[in-house]
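# Structural features, examined
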Amino acid sequence: MNSGHQHRVFGRRAQEHILILASGDKVRHMTVRPWMAAVAFCFVGVFSIGYLLATSYLVLRDDLIGATMARQARMQHDYEDRIAALRAQVDRITSRQLLDQQVVEDKVDKLMEQQMALTSRHGKLDNLLDRAESSGLTEKDGALPAPSSPVQSYAPDIKDKRASLTGGGIEAIEKQLASGVPADATPDNSTLAYVPATDTVGDRADRIFSKVTLSLKDVEQDQRSRVEQLTSDAGNAANAIETVLTRFKIPTPETAAKKDDDDAVGGPYVEPESNDDFNNSLVALDGALTRLEEVRSTAESLPFRNPAIGKDVTSPFGNRRDPFLGRLALHSGIDFRFSPGERIRPTAPGKVISAGWTGGYGNMVEIDHGNGISTRYGHMSQVLVKVGDTVDRDDVIGLAGSTGRSTGTHLHYEVRQDGHAVDPVYFMNAGLKLATYIK
């Protein structure tokens, strides 16, 4: 019953496989287990696969070796191409550096020429500006801009042809030249033959020197404009003074020069020197200043000022009733009310040609101002100069009084041209118009 129950529950027991080996009288047997069969099958499979692989390798070995050699050959050619590209790039960089160096040297030479030209011009300008200032055309603070600001900021100081740059401005240029990123000599994963060119030192130098050149041109243009303006102002001032002098028939230096223009001149014809426009403008300014100085000096030597500023006029120039004879007479000057002992000064510099008692003038001083013009100062209580003295406008020539034909303390002021008395008012009115041109 138990046996029948066991069979119903667990099933029939599997039969084991037995391998029997007989050799003569000996008989051997071995029970074949399932795992043993599995191991044997795996071994046979591995052996078969190894055999197939070995056979395939022997068959395909030549092809694999050929492919490997071809790959190595391709790699070698790629490296050789890259090395050739590197060499070509190095040659280009070296050539470009040499060219950039030559370009920098040439540009520095040009800058030095401009610097020397501006320095030379500035030396000439200083003298002209001093003359313009003394002529009242400009103030020293408003002088032409010196080339120091842009030129000193960029001006090179070359010691040899290797473009050795020194100075604050050139150091700034060198810093700007050195501030750029150098070209990459070993770019990744590409040959240099196809690398785009980066910003080189020469390119940066071109930009910097272009800025410097433009700055120098701006300074030159500003100087030229100011020079032309000064030339125009000097010419206008000289014309205004000459107009007044011509009204009084006083010869001007230009009129005298015109008379001698064609006197004793000659010589072979030679082509004119080729000067630049700036030097020509300096020559024009020099001529305008010379002309202004000459006519201004002539005007300052003449009695265009008032001898008694703020004083009352007691008797004008012209016909009047004589205070002593009571009949019509010519009054050859202007009488100004003065206090006794008040100082009297001349209206222009000159040389004393008469000093002392002179008839109806009483104590009188006469001063020669040149160009046929003289002034007389009469009725003084005391004369403080003598004949032959040279006096200026600030010198005291006497003290006010009432000597000679005088009814009270006053100054008799007289202007004579070529020996004839003229109305001093004409000269004083002209002096008002010349006040901005003469001291």
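Data block above holds the structure.
The structure displayed is predicted, hence computed values, not measured ones.

### Overview of the overall build of the protein
Counting its secondary structure elements, the protein contains eight helices and 14 strands. When the 439 residues of the protein are sorted by exposure, 30% land in the buried category. A separation threshold of at least 6 residues defines the contact pool for the protein, and within that pool the share at least 24 residues apart is 67%. For the protein, the accessible surface area stands at approximately 28,200 Å², while carbon and sulfur atoms represent 55% of it.

### Considerations on the packing of aromatic side chains
Scanning the entire structure with this criterion turns up four aromatic pairs. Relative to tyrosine 413, the ring of tyrosine 377 lies with its centre 5.5 Å away and its plane at 45°, an arrangement referred to as tilted. Remark: tyrosine 413 occurs in strand E13 (residues 410–417) and tyrosine 377 occurs in strand E10 (residues 373–383); sequence separation between them is 36 residues. Here the aromatic cluster, defined as three or more aromatic residues joined through ring pairs, consists of Phe248, Phe304 and Phe427.

### Overview of the nonpolar core
Soluble globular proteins tend to pack their nonpolar side chains together in the buried interior. Phe304, Ile344 and Ile397 are the most contacted members of the largest nonpolar core, which has 47 residues in total. Only helix H2 (34–134), helix H5 (201–247), helix H7 (277–300), strand E6 (334–337), strand E9 (363–370), E10, E13 and helix H8 (424–433) provide two or more residues apiece to this core. When neighbours within four sequence positions are excluded, isoleucine 397 is seen to be in contact with Ile344, Pro346, Val365, Ile367, Tyr377, Met380, Gln382, Val383, Leu384, Val385 and Val391. The next biggest cluster of nonpolar side chains, apart from the first, holds nine residues, and it includes Leu118, Ile208, Phe209 and Leu216.

### A closer look at the pattern of salt bridges
Applying the stated rule across the entire model yields nine salt bridges. The salt bridge partner of arginine 376 is glutamate 414, with a shortest N-O separation of 3.7 Å. Pair noted here: arginine 376 is in strand E10 and glutamate 414 is in strand E13, with a separation of 38 residues, a long-range link. For glutamate 414, a relative accessible area of 0% translates into the label buried. Between lysine 386 and aspartate 389 there is a salt bridge, with the nearest N and O atoms lying 3.3 Å from each other. Linked by salt bridges that have partners in common, Glu366, Arg376, Glu414 and Arg416 make up one network.

### What about the pairing of strand E5 (residues 328–331)?
One ladder, built from four bridges, connects strand E4 (residues 318–321) with E5; its direction is antiparallel. What sits directly across from arginine 321, in E5, is leucine 328. The antiparallel hairpin formed by E4 and E5 contains six residues in its connecting segment, where glycine 326 sits at a positive phi of about 75°.

### As for unusual backbone geometry
If you check the backbone angles, lysine 249 has positive phi at about 60° while not being a glycine. The residue lysine 249 is located in the loop between H5 and helix H6 (253–259) in this model. Given a relative accessible area of 75%, lysine 249 falls into the exposed group. One non-glycine residue with positive phi stands out, namely asparagine 371, at about 55°. Take asparagine 371: it is sitting in the loop between E9 and E10. When its relative accessible area of 38% is taken as the criterion, asparagine 371 is described as partly exposed.

### Here's the deal with a nonpolar patch on the surface
On the surface, a nonpolar cluster with roughly 530 Å² of combined accessible area is contributed by Tyr57, Leu58, Val59, Leu60 and Leu64. Topologically, tyrosine 57 is positioned in helix H2. For tyrosine 57, a relative accessible area of 47% puts it in the partly exposed group.

### Looking at the environment of threonine 298
The topology assignment puts threonine 298 in helix H7. Expressed as a C-alpha distance, the spacing of threonine 298 and isoleucine 241, which sit 57 residues apart in the sequence, is 9.2 Å. Within the structure, the side chain of threonine 298 is placed 2.9 Å from the backbone oxygen of glutamate 294, a separation counted as a polar contact.

### Quick notes on the pairing of E9
With six of its eight residues buried, E9 lies for the most part within the structure. Here strand E8 (residues 350–357) pairs with E9 via six bridges, running antiparallel. Note on E9: the bridge partner recorded for serine 354 is glutamate 366. Here E8 folds back onto E9, and the loop between the two strands holds five residues, one of which, glycine 359, carries a positive phi near 50°. Two elements, E9 and E10, share six bridges in a ladder whose sense is antiparallel. Following the sheet pairing, glutamate 366 is matched in E10 by arginine 376.

### Points about the packing of H2 against H7
Angle between the axes and distance between the axes are the two parameters that describe a pair of packed helices. At their nearest, the axes of H2 and H7 sit 10 Å apart, and the two run at 25° to each other. Of the possible angle classes, the one that applies to H2 and H7 is roughly parallel. Our pair here, H2 against H7, has a crossing hand that is left-handed. Only Phe278, Asn279, Leu282, Leu285, Asp286, Leu289, Thr290, Glu293 and Arg296 of H7 make contact with H2, whose side of the interface consists of Arg121, Lys124, Leu125, Leu128, Arg131, Ala132 and Ser134. Within the contact of H2 with H7, the residues separate by chemical class into seven nonpolar, three polar and six charged.

### Section: the side chain of threonine 375
Within the secondary structure layout, threonine 375 lies in strand E10. When its relative accessible area of 0% is taken as the criterion, threonine 375 is described as buried. A polar contact is formed between the side chain of threonine 375 and the side chain of histidine 369, at a distance of 2.8 Å. Engagement of the side chain of threonine 375 in a polar contact is seen with the side chain of tyrosine 377, the distance being 3.0 Å. Setting aside anything within four residues of it in sequence, one finds threonine 375 in contact with Pro303, Thr347, Val365, Glu366, Ile367, His369, Tyr413, Glu414 and Val415.

### Some details on H2
Compared with the 150 Å implied by 1.5 Å per residue over 101 residues, the 131 Å span of H2 between its first and last C-alpha is markedly short. The sharpest bend along H2 measures roughly 55° and falls at leucine 60. Backbone geometry just after H2 places glycine 136 at a positive phi near 80°.

Thresholds, definitions, all that
Residues numbered from 1 in each chain as written. Predicted model: local features only at pLDDT ≥ 70, side-chain atom pairs only at ≥ 80, totals over all residues. Heavy atoms only, no water. Helix = DSSP H or I, 4+ residues; strand = E, 2+ residues; numbered from the N terminus. Buried < 20%, exposed > 50% of the residue type's maximum accessible area, 1.4 Å probe, protein only. Contact = heavy atoms within 4.5 Å. Areas by Shrake-Rupley, 256 points an atom, 1.4 Å probe, with all protein chains shown as cover. Phe/Tyr/Trp six-rings, centres within 6.5 Å; stacked < 30°, edge-to-face > 60°. Core = buried A, V, L, I, M, F, W, Y, C linked by side-chain atoms within 4.5 Å. Salt bridge = Lys/Arg side-chain N within 4 Å of Asp/Glu carboxyl O. Pairing = 2+ DSSP bridges. Patch = residues over 30% accessible without salt bridge, like charges linked within 9 Å, V, L, I, M, F, W, Y side chains within 5 Å. Polar contact = N/O pair within 3.5 Å; in protein donor to acceptor, adjacent residues only side chain to side chain. Axes fitted to C-alpha atoms, helices over the stretch in contact; angles between N-to-C directions. Parallel < 35°, antiparallel > 145°, perpendicular 65-115°, else oblique. Left-handed = near helix turned anticlockwise from the far one by under 90°. Nonpolar A, V, L, I, M, F, W, Y, C, P; charged D, E, K, R; others polar. Expected span 1.5 Å × (residues − 1). Bend = angle between axes of the 7 residues up to and from the residue.

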